[in-house]
Amino acid sequence: MADDRFHVYDTTLRDGAQQEGLNLTVADKLAVARHLDGLGVGFIEGGWPGANPKDTEFFRRARTELDLKHAQLAAFGATRRAGVKAADDPLVAALRESGAPVVTLVAKSHDRHVELALRTTLEENLAMIRDTVSHLRAEGQRVFLDAEHFFDGYKSNPAYALEVLRTAAEAGADVVALCDTNGGMLPDELADVVHAAALTGARVGIHCHDDTGCAVANTLAAVKAGATHVQGCANGYGERSGNANLFTVVANLQLKRGFDLVPPQALADMTRIAHAITEVTNVTPNSHAPYVGASAFAHKAGLHASAIKVDPNLYQHIDPAQVGNDMRMLVSDMAGRASVELKGRELGYELTPEHTKTLVERVKDLESQGFTFEAADASFELLLRDTVHGERRRHFEVESWRVIVERTKGGELVSEATVKLHAKGERIVATGEGNGPVNALDKAVRLGLEKLYPELARLELIDYKVRILEGTHGTGAVIRVLITSSDDTAEWATVGVAENIIDASWQALEQAVTYGLLRAGREPD
Ligand SMILES: CC(=O)SCCNC(=O)CCNC(=O)[C@H](O)C(C)(C)COP(=O)(O)OP(=O)(O)OC[C@H]1O[C@@H](n2cnc3c(N)ncnc32)[C@H](O)[C@@H]1OP(=O)(O)O
Ligand SMILES: CC(=O)C(=O)O
């Protein structure tokens with residue numbers, strides 16, 4: 001069980017699920033909960049039982065299907081309706097019956113919201129809080145209170161906002177979480193209000209939205225001002241601009257402020273967990289996310305690489321291994337010798353100064369023509385190998401290729417490609433049909449080479465991107481094609497550039513196959 005002195009409280013399955021486009025099944029919610037427990041968070045808010053069948057079902061299945069090692073489940077819901085007893089309110093009953101050891105009640109703390117949204121009196125709102133908290137406490141559940149719109153409420157009527165906190169604490173709420181519901185706060189003003197709230201004697205928590213881009217900064221400011229319970233969501237999911245990214249909050253508190261929140265080995269698994277959750281949510285991971293993004297420790301500028309060569313800490317705020325991420329060198333027209341040398345080392349090559357210099361010049365020249373190597377590691381490695389070997393070494397040579405596109409009588413569009421290749425002393429002529437020209441070329445090449453290289457059967461073209469680049473210096477527009485390929489174990493990207501889209505695709509395809517054969521341990525003859 002996590003340490004109770006400081007709470008890491010995750011609300012991905014409730015507030016995170018309020019994100020536009022995010023829709024989790026019960027099985028998804030159970031899977032995300034397991035990942036969060038693996039990280040070592042203290043509380044997982046599973047949803048609002050009684051509000052919809054899915055959330056009710058989640059709590060029912062959690063009893064038998066979740067074996068949480070660190071976290072406790074929290075059920076979220078509202079205080080009783082005005083004018084009814086807590087014991088008689090069906091939504092309060094659903095919280096009671098959820099089986100969750102913790103209930104988090106959302107309550108109004110802004111006077112205008114009480115009057116306009118709840119359409120009740122300030123006194124009745126306090127009674128709703130008091131009754132609901134004490135009823136659930138008497139039923140044996142631990143209660144936290146989310147004070148909705150607390151910061152805006154404090155600006156409008158500070159005495160009432162603080163009275164809400166006192167009422168909840170006196171009725172038995174263990175934590176009163178101050179919610180920046182509209183996400184409009186900035187760190188300095190927020191810290192002053194948290195400080196005032198802490199003076200009530202209630203245990204204070206913080207729940208921030210990211211509408212000013214300050215959710216994480218606001219959370220850290222709140223902790224400095226006395227909050228001992230932080231709420232947030234995996235990958236910053238949530239309504240509108242999202243909630244405080246719990247991964248960033250935890251990493252900041254643990255690595256920068258010395259808090260002991262999650263086991264170090266779990267922190268070192270954070271990048272994997274963040275990505276595993278994106279697989280479940282089917283939301284494209286933000287590659288620029290702090291700590292866990294694929295670009296969080298990727299270095300492009302030549303000057304950075306030259307310093308990193310001496311000491312990686314010169315351009316990194318932490319060792320990426322602490323959060324399970326990796327440093328990567330990006331090779332582009334912004335690279336210098338150090339970038340290329342380090343990238344070579346990352347790929348397993350010790351480059352001589354001459355090779356490094358030649359490669360830098362070739363990369364800059366090719367990038368000026370439209371190639372991009374930071375997005376096509378495999379093309380860079382082939383360029384590196386050609387430079388090191390002093391010649392272009394391939395498993396097959398191309399005599400010619402041809403594609404025709406035919407619309408049949410029945411209106412079907414069919415592409416047919418013929419490739420003429422030379423490999424292992426043989427002349428190969430092969431034809432492939434596909435639903436498009438690149439698909440047909442891909443099939444023709446594999447068909448032609450599979451007899452000599454059976455491992456090509458495992459190769460798959462998984463992504464194809466085309467971009468039209470403006471011409472420079474009086475030349476016409478050119479087309480850049482990026483192809484991502486995969487075998488059973490890895491993915492790699494290759495690039496081609498030409499005035500003709502099929503020609504650019506062919507270049508990327510030829511490199512993709514060559515690289516696939518190298519990965520399979522085949523050196524060119
Ligand atoms: C800031 C936040 O993110 S809080 C979490 C918000 N999450 C959600 O709203 C998602 C789940 N919500 C739902 O499924 C539905 O809104 C339900 C089931 C909770 C309620 O549905 P309905 O009964 O149809 O009511 P509806 O959604 O139209 O309005 C909400 C009602 O709750 C009342 N209410 C709002 N906050 C509170 C509160 N803290 N305590 C008690 N009642 C409240 C409103 O005054 C309104 O009452 P009314 O029905 O008398 O007008
Ligand atoms: C409770 C909650 O999610 C909010 O006030 O933002």
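Look up a bit, the structure's there.
Residues numbered from 1 in each chain as written. Chains lettered and ligands numbered in written order. Predicted model: local features only at pLDDT ≥ 70, side-chain atom pairs only at ≥ 80, totals over all residues. Heavy atoms only, no water.

Observations regarding the environment of Arg34
Looking at where Arg34 falls in the secondary structure, it is placed in helix H1 (residues 26–39). For Arg34, a relative accessible area of 41% puts it in the partly exposed group. Counting along the chain gives 239 residues from Arg34 to Ile273, while the straight-line C-alpha distance between them is 9.9 Å. Contact partners of Arg34, with chain neighbours within four places excluded, come to Glu65 and Leu66. Of the polar contacts made by the side chain of Arg34, one reaches the backbone oxygen of Glu65; its length is 3.1 Å. (Helix = DSSP H or I, 4+ residues; strand = E, 2+ residues; numbered from the N terminus. Buried < 20%, exposed > 50% of the residue type's maximum accessible area, 1.4 Å probe, protein only. Contact = heavy atoms within 4.5 Å. Polar contact = N/O pair within 3.5 Å; in protein donor to acceptor, adjacent residues only side chain to side chain.)

What to know about the sheet that holds strand E11 (residues 397–407)
With respect to topology, three strands assemble into an open sheet ordered E11-E12-E13, the strand pairing being antiparallel. What marks the edges here is a single partner per strand, and that holds for E11 and strand E13 (426–434). When the angles between neighbouring strand axes are averaged without regard to direction, this sheet yields 10°. Sheet strands touched by helix H17 (residues 437–449): E11, strand E12 (413–423) and E13. Its angle to E13, the strand with the most contacts, is close to 145°. (Pairing = 2+ DSSP bridges. Axes fitted to C-alpha atoms, helices over the stretch in contact; angles between N-to-C directions.)

A short note on the site of ligand 1
Surrounding ligand 1, one finds 18 residues, the nearest of these being Thr79, Arg81, Val106, Ala117 and Arg119. In the environment of ligand 1, an oxygen atom lies 3.2 Å from a nitrogen or oxygen atom belonging to the side chain of Gln18. One nitrogen or oxygen atom from the main chain of Ala117 is found 3.1 Å from an oxygen atom belonging to ligand 1. Contact with the protein chains removes 57% of the 1,000 Å² of surface that ligand 1 exposes when unbound. (Near = heavy atom within 4 Å. Areas by Shrake-Rupley, 256 points an atom, 1.4 Å probe, with all protein chains shown as cover.)

Considering the pairing of strand E8 (residues 229–232)
Both faces of E8 are covered, namely the face carrying His229 and Gln231 and the face carrying Val230 and Gly232. Bridging between strand E1 (residues 7–10) and E8 involves four bridges; their strand directions are parallel. When the bridges of E8 are listed, Val8 appears paired with Val230. As paired elements, strand E7 (residues 204–208) and E8 share two bridges and run parallel to each other. Within E8, the position partnered with His207 by the bridge is Gln231. In this view, the connection linking E7 to its parallel neighbour E8 by way of helix H9 (residues 215–224) has right-handed handedness. (Right-handed = clockwise from strand over helix to strand, strands pointing away.)

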